[in-house]
Amino acid sequence: MKPTSSGLPHLSATEPATDILITKNTVKAKAASSRCGCTSSNPVPAIDDRIKQRIEKHPCYSEEAHHHYARMHVAVAPACNIQCNYCNRKYDCANESRPGVVSELLTPEEAAHKVLVIAGKIPQMTVLGIAGPGDPLANPEKTFRTFELIADKAPDIKLCLSTNGLMLPDYIDRIKQLNVDHVTITINMVDPEIGTQIYPWVHYRRKRYKGLEAARILHERQMEGLQALKEADILCKVNSVMIPGINDHHLVEVDRVIREKGAFLHNIMPLISAPEHGTHFGLTGQRGPTPKELKTLQDQCADSNMKMMRHCRQCRADAVGLLGEDRSQEFTKDKFMEMTPQYDLELRQEVHAGIAKFREELQRAKAQPPATPAVQASPKVLVAVATKGGGLVNQHFGHAKEFMIYEVDANTVQFVGHRKIDHYCQSGYGEDATLENTIKAIADCKAILVSKVGECPKAELREAGLEVVEAYDVIENVAREFYNKLIAPQSIAPQEIAPQASQSFVTANPGS
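Residue positions are given per chain, counting from 1 as you read along its sequence in written order. The predicted nature of this model means local features are confined to residues of pLDDT at least 70 and side-chain atom pairs, given and counted, to a pLDDT of 80 or more, with totals for whole chains, interfaces and linings taken over all residues. The side-chain values count all of the structure's non-hydrogen atoms but skip hydrogen atoms and water molecules.

Account for the overall build of the protein, naming residues and giving values.
The number of helices and strands found in the protein is 14 helices and 20 strands. By residue count, 57% of the 512 residues in the protein fall in the buried class. Sequence-distant contacts, at least 24 apart, represent 74% of the contacts inside the protein between residues at least 6 apart. Counting only carbon and sulfur atoms, one obtains 50% of the accessible surface of the protein, whose full area is about 21600 Å². Under the scheme used here, helices are H or I runs from DSSP no shorter than 4 residues and strands are E runs no shorter than 2 residues, and both carry numbers assigned from the N terminus. Each residue is placed in one exposure class: buried if its accessible area under a 1.4 Å probe, protein chains only, is under 20% of its type's maximum, exposed if it is over 50%, and partly exposed if it falls in between. A contact between two residues is defined here by any heavy atoms of the two lying within 4.5 Å. The method behind every accessible area is Shrake-Rupley, applied with a 1.4 Å probe, and residues are considered shielded solely by the protein chains displayed.

This is the structure:
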């Protein structure tokens, strides 16, 4: 594989990749940047250079990286040692996208083979995680054997695991020895009384505990594990499931405690509780939070100066690809076991160098003009973005399975979440209902940013009060231009509106 004239590596059609890697030609897309960037209206803790290097290619730990790098999970850990009221582990299930669900279980040897196959097919895959479908540390032999095999054959792939934390303190040394640099703990409470409403039982030291005793044991072990990760210099992300009426208000206290104990990142996720999933909460009618409720809580915790993850997709335990896409069905066991691994470290490094160059160009396109006084009390609006990755507005409305949501005001353009939707283009069946559901999912937004949209859905979107912006450019630039043209003139004095800085951004040709 050779670099193209643009300096970005060219991949053949058989090598899945993001837009920045699939073309020989480049085009210039007009950029309109001003005081945007990705700065938050909430305080954002500074990250030192060493930490930046550790997360720069990790799509879960870096919001910016998730536009460019892929991850995969391998399902080698079927057993679990706690029961959660929001969880129902399902095997041989290809129709659900949520944690605890897999299509098939793998042995460590099968998992290592799959990783090497995918590392060749998707060279921007940088992270291998074990997240279930049970708990990795309730299956320590299978988990650590898988890590050993991958570390030996694919040394550039980052290793990480997700755990409920019950057995974490017992395995810190082994995790450190295997160079697992990222560990996620799911912590839904720091008050065992609240924990009794979430966890029916835990199985610890060959004994099953219930009620308050079970929740207290889990809490103590989670806190011990969190402290041990800090002392071992292993980055820790904490996942918390927001359960309205049970722990929603309590998660502010969870955020405070984990911050004090050294967690790097907090990911507050919405409860998934559809009855068809068969979970206790689903069958008893426990609702999940609305997008507004989730964002309000995330904003409240972000004000505490804790780094907040907002781009989580609550992935399956066998997920493959960029966050927001699931390519696991392309690599089922009957397929990948017939494939010969083509892991090529030099080729992968070349692809990553191309991504790094692209990211530099992206940052230049978002570069801010000379500083001007911030506009005071400018209105904030939400915009929905159709994107295939790369930090660009680059997806047709009809092809979107989700929209990324950005909050825009006169000073900042900030990513705040995403909304999953059904495909609008579905061979004609149910399109009216699907478009209606799509509009409902983004009804609180002022605009939708897409690369293209048909005239009929465009008319219905506008009738629903959504401005439709068609563009192929950096997300922040398109959002900023929309705001300055249609929102700012209605609410901000003309002299306060930031001038447009005309730049050109070199990116992949969407039509090639």
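Describe the environment of Asp334, and please don't skip the residues or the numbers.
Residue placement: Asp334 occurs in helix H10 (residues 333-336). Note on Asp334: relative accessible area 57%, which makes it exposed.

Break down the pattern of salt bridges for me, citing the residues and quoting the values.
By salt bridge we mean one thing: a side-chain nitrogen of Lys or Arg within 4 Å of a carboxyl oxygen of Asp or Glu. Scanning the model with the defined rule gives 25 salt bridges in all. Between Glu148 and Arg174 there is a salt bridge, and its shortest N-O distance comes to 2.2 Å. Residue Glu148 is found in helix H3 (residues 140-153), and its partner Arg174 is found in helix H4 (residues 172-177); the two are separated by 26 residues along the sequence. By relative accessible area, which is 30% here, Glu148 ends up partly exposed. Notably, a salt bridge pairs Lys295 with Asp299, separated by 2.7 Å at the nearest N-O pair. Of the two residues, Lys295 and Asp299 both sit in helix H9 (residues 291-302), four residues apart, roughly one turn of that helix. As far as the burial class goes, Lys295 and Asp299 line up, both buried. Linked through salt bridges whose partners overlap, the residues forming this network are Arg50, Arg54, Asp181 and Asp233.

Just give me the short version of the pairing of strand E6 (residues 182-186), but keep the residues and values in it.
Taking burial as the measure, the five residues of E6 include four buried ones, the bulk of the element. Across four bridges, the pairing between strand E5 (residues 158-163) and E6 is parallel. The partner of Leu161 across the bridge, within E6, is Val183. With respect to chirality, the unit in which E5 leads through H4 into the neighbouring parallel E6 is right-handed. Bridging between E6 and strand E9 (residues 235-242) involves five bridges; their strand directions are parallel. Across the sheet, the residue bridging to Thr184 is Lys237, located in E9. A pair of strands is treated as paired once DSSP finds two or more bridges between them. Place the viewer so that the strands point away; then a crossover is right-handed whenever the path from the first strand over the helix to the second strand goes clockwise.

Can you explain unusual backbone geometry? Please cite residues and give values.
In this structure, the amide linkage connecting Gly132 to the following residue, Pro133, adopts the cis form with an omega of 15°. Inspection of the secondary structure assignment puts Pro133 in the loop between strand E4 (125-130) and H3. Its identity is not glycine, yet Asn179 carries a phi of approximately 65°, on the positive side. Within the element layout of this structure, Asn179 appears in the loop between H4 and E6. With relative accessibility at 61%, the residue Asn179 sits in the exposed group. Positive phi, normally seen in glycine, also occurs at Asp233, with a value near 60°. Relative to the helices and strands, Asp233 resides in the loop between helix H6 (211-231) and E9.

Lay out the sheet that holds strand E16 (residues 413-420) in plain terms, naming residues and giving numbers.
Sheets are built from strands that pair by backbone hydrogen bonding, the pairs being arranged parallel or antiparallel. Pairing is mixed across the open sheet formed by five strands, whose spatial order is E16-E15-E13-E17-E18. Looking at the sheet topology across the chains shown, the edges are occupied by E16 and strand E18 (467-470). The average angle at which neighbouring strand axes cross in this sheet is 25°, direction not considered. Here seven bridges tie strand E15 (residues 402-408) to E16, and the two strands are oriented antiparallel to one another. Opposite Glu407, over in E16, you have Gln414 as the bridge partner. Note on definitions: angles span 0 to 180 degrees between N-to-C directions of axes, and those axes are lines fitted to C-alpha atoms, for helices only across the stretch in contact. Contacts between helix H13 (residues 455-463) and the sheet are confined to strand E17 (447-450) and E18, with E18 contributing the most and set at about 140° to the helix.

Describe the packing of aromatic side chains, and please don't skip the residues or the numbers.
Between 30 and 60 degrees the pair is tilted, below 30 it is stacked and above 60 it is edge-to-face, where a pair is any two Phe, Tyr or Trp rings, Trp via its six-membered ring, whose centres lie within 6.5 Å. Considering all chains together, one arrives at four aromatic pairs under this definition. Relative to Phe264, the ring of Tyr61 has its centre 6.2 Å away and its plane inclined at 15°; by these criteria the two rings are stacked. A residue pair is termed long-range when its members are at least 10 positions apart, and Tyr61 in the loop between helix H1 (49-55) and strand E2 (70-73) and Phe264 in the loop between helix H7 (251-260) and strand E10 (265-270) qualify at 203 residues. Relative accessible area serves as the criterion here: at 14%, Phe264 is assigned to the buried category. Centre to centre, the rings of Phe144 and Tyr171 are 5.6 Å apart; their planes meet at 55°, and the pair counts as tilted. Of the two residues, Phe144 is situated in helix H3 and Tyr171 in the loop between E5 and H4; the sequence distance between them amounts to 27 residues. Relative accessible area serves as the criterion here: at 22%, Tyr171 is assigned to the partly exposed category. Here the guanidinium or amino end of Arg208 rests over the ring plane of Trp201, the centre of that ring lying 3.8 Å away. Lysine NZ or arginine CZ positioned within 6 Å of the ring centre and within 35 degrees of the ring normal marks a charge as sitting over the ring.

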